[in-house]
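# Working through the structure, step by step
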Amino acid sequence: MSALGDRLADVDGRIADAARAAGRDPAELVRIVVTKFHPASLVRELFELGVRDVGENRHQEASAKAAELADLDLSWHFVGQLQSNKAKAVARYARTIHSVDRPSLVSALTDTGVDCFIELNLTDDPARGGVAPDAVEALAERVAYTSGLRLRGVMAVAPLGADPRASFARVREVSHRIRSIVPDASAFSAGWWGDCAAAIADGATHLRIGSAITGNRPSPG
Ligand SMILES: *Cc1c(COP(=O)(O)O)cnc(C)c1O
């Protein structure tokens, strides 16, 4: 098998082990391979290895790859910060947007039919993507009242140096509040590869995994 195939099999094995250890069914987890900075040819290789869910964080790059790979039945996940004026364009190829963090973005996604996650900012830096924990309910209500937009749950990015278990506890608390508004928005999109087992034990349903599968990223062009 290729090195890529080996890494994919290794990661999937560890995900399955962590799921079983947590008493969860591995089949209910969505493993998203984040392919940013990698060429479309790598995404095609991943497809041939059985990957269907891929993630990107920049619109220009993502739309070019999605167009080049339009012959493949891939599910594109947009995981990066998103400007409202690009939202409609992203929704043309992405089935899921993980980074909804403000009302203007929600409005821009009206009737696009995408699934979305509310991104939570777990840092004290308001310049980082994500909504502050105390603004989550208002945003969830806004999504709930917007037609053609489905709220799946909460997404978070691992803050550098923070204790992952403490972060997961905050995500769980926010997830609870989101479900009081949209009861079936129970998904949790996590990107902590180093603590993937803990994320799974703490309820992650979507795992965003990049370099552990793709290998090191080429430097941005
Ligand atoms: C790049 C990226 C990932 C994957 O990061 P790796 O460290 O390569 O696994 C996950 N989530 C987001 C939002 C990303 O931009």
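In what follows, the accompanying structure is described. Just so we're clear, the structure is a prediction, and the values are computed from it rather than from any experiment.

### Concerning helix α1 (residues 3-21)
Compared with an ideal rise of 1.5 Å per residue, which puts 19 residues at 27 Å, α1 spans 27 Å between its outermost C-alpha atoms and is within 8% of the ideal. Residues Leu-4, Gly-5, Leu-8, Val-11, Ile-15, Ala-16, Ala-18 and Ala-19 constitute the buried set of α1. One side of α1 holds all its buried residues, which, seen down the axis, span an arc of 165 degrees. Residues Arg-20 and Ala-21 are exposed on α1 and point more than 90 degrees away from its buried face. As for α1, its buried residues are in contact with β1 (30-34), α2 (40-48), α8 (196-201), β8 (206-209) and α9 (211-214). Once α1 finishes, Gly-23 follows within two positions and takes phi at roughly 70 degrees, a positive value.

### Quick notes on the pairing of strand β5 (residues 114-120)
Of all seven residues that make up β5, seven are buried, and the element is covered over most of its length. Taking every second residue as pointing to the same face, both faces of β5 are buried, with Val-114, Cys-116, Ile-118 and Leu-120 on one and Asp-115, Phe-117 and Glu-119 on the other. Here strand β4 (residues 94-100) pairs with β5 via three bridges, running parallel. Residue Ile-97 lies in a different strand from β5, and its bridge partner there is Cys-116. After leaving β4, the chain enters helix α5 (residues 103-108) and then returns to the sheet as β5, a path that is right-handed. Across seven bridges, β5 lies against strand β6 (residues 149-156) in parallel orientation. Of the residues in β6, the one forming a bridge with Cys-116 is Leu-151. Chirality of the crossover, the property in question, places the unit of β5, helix α6 (residues 136-144) and β6 among those that are right-handed.

### Remarks on the sheet that holds strand β3 (residues 75-78)
With parallel pairing, eight strands are arranged side by side around a closed barrel as β1-β2-β3-β4-β5-β6-β7-β8. In this sheet, adjacent strand axes meet at a mean angle of 30 degrees when their direction is disregarded. Seen against the sheet, helix α7 (residues 164-179) touches β5, β6 and β7 (187-190) and runs at an angle of roughly 160 degrees to β6.

About the thresholds
- Residues numbered from 1 in each chain as written.
- Predicted model: local features only at pLDDT ≥ 70, side-chain atom pairs only at ≥ 80, totals over all residues.
- Heavy atoms only, no water.
- Helix = DSSP H or I, 4+ residues; strand = E, 2+ residues; numbered from the N terminus.
- Expected span 1.5 Å × (residues − 1).
- Buried < 20%, exposed > 50% of the residue type's maximum accessible area, 1.4 Å probe, protein only.
- Arc of directions from axis to C-beta.
- Contact = heavy atoms within 4.5 Å.
- Pairing = 2+ DSSP bridges.
- Right-handed = clockwise from strand over helix to strand, strands pointing away.
- Axes fitted to C-alpha atoms, helices over the stretch in contact; angles between N-to-C directions.

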